[in-house]
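# Reading the structure
If you want the building blocks of each chain, they are given just below.
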Amino acid sequence: MIGRWRRRHRPDAEPPEPAEPFGTADGPGRRHRAVLDSRPAGIKLARRITVTVLTGWGLHPRTTVHDAAVLAATELAANAVRHAAPRSPSFELSLVLSSRHLDVAVRDRHPAPAALPGPGAGGGLAALAELAAELGGALALLPAPDGGKSVRARLALDPVAATGPRPAPATPLEQP
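Residues numbered from 1 in each chain as written. Predicted model: local features only at pLDDT ≥ 70, side-chain atom pairs only at ≥ 80, totals over all residues. Heavy atoms only, no water.

### Focus on the pattern of salt bridges
Between side chains of opposite charge, pairing is possible as soon as their charged atoms come close. Note the threshold: Salt bridges are identified by distance alone: a Lys or Arg side-chain nitrogen within 4 Å of an Asp or Glu carboxyl oxygen. Secondary structure counts use DSSP, requiring at least four H or I residues in a row for a helix and at least two E residues in a row for a strand, with both numbered from the N terminus. Burial classification: accessible surface area is computed with a 1.4 Å probe over protein chains only, and a residue below 20% of its type maximum counts as buried, one above 50% as exposed, and the rest as partly exposed.
Enumeration over the complete set of coordinates arrives at five salt bridges. Here arginine 33 makes a salt bridge to glutamate 92, at a shortest N to O gap of 3.4 Å. Of this pair, arginine 33 sits in strand S1 (residues 30–37) while glutamate 92 sits in strand S2 (residues 90–97), and the two are 59 residues apart along the sequence. On the basis of relative accessibility, which here comes to 56%, the residue arginine 33 falls in the exposed class. With relative accessibility at 11%, the residue glutamate 92 sits in the buried group. Across the salt bridge formed by arginine 107 and glutamate 92, the nearest N and O atoms sit 2.9 Å from each other. Of this pair, arginine 107 sits in strand S3 (residues 101–108) while glutamate 92 sits in strand S2, and the two are 15 residues apart along the sequence.

### A few points about the nonpolar core
We apply this condition: Within this scheme, the nonpolar core is defined by two criteria: the residues are buried Ala, Val, Leu, Ile, Met, Phe, Trp, Tyr or Cys, and they are joined through side-chain atoms within 4.5 Å. We call two residues in contact whenever any of their non-hydrogen atoms come within 4.5 Å of each other.
Among the nonpolar cores identified, the biggest contains 37 residues, and Phe91, Leu93, Leu102 and Val104 are the most heavily contacted of them. Contributing elements (two or more residues each) for this core: S1, helix H2 (40–56), helix H3 (64–84), S2, S3, helix H4 (124–134) and strand S5 (149–156). The element contributing the most residues to this core is H3, with 11 residues. Not counting the four nearest positions on each side in its chain, leucine 93 is found in contact with His32, Arg33, Ala34, Leu36, Ala46, Ile49, Thr50, Ala73, Val104, Ala105 and Val106.

Right, dumping it as structure tokens:
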């Protein structure tokens with residue numbers, strides 16, 4: 001899945017301008033929360049909610065941050081369903097948009113502590129941590145106040161500004 005994402009979002013592509021300035025309609029930022037069942041259908045619903053909410057906020061599909069956020073929501077929801085469902089019948093999807101970054105988080109109530117994968121580890125969370133870092137963000141594991149845990153992917157809204165300008169392609173693209 002990460003490979004398809006990288007092929008779709010070439011490093012030399014310029015990010016499109018948002019449809020409206022972020023953070024002006026609802027104050028300093030926007031927030032959306034949804035509580036979903038810890039069943040496979042919850043994964044699909046988390047993905048659909050993320051697409052709908054982000055599109056409504058002006059982050060359009062097939063852009064770097066939008067697609068990375070959808071991927072993050074899907075992976076985090078899948079982990080909650082796969083690993084926490086026996087002790088957490090539901091999970092919470094949280095989307096928070098500020099003027100500089102987008103947070104995608106999933107919180108479950110499973111009491112067992114978890115750990116993020118280390119560098120070089122395989123699996124979905126390791127790939128998600130790498131993707132977030134490439135976009136000027138990070139993956140974080142946070143304890144939930146009522147027990148359980150929250151895993152948050154923070155994505156910079158302007159990956160080029162966060163990581164510096166990308167090099168030009170080796171060969172110019174031919175115009176049709």
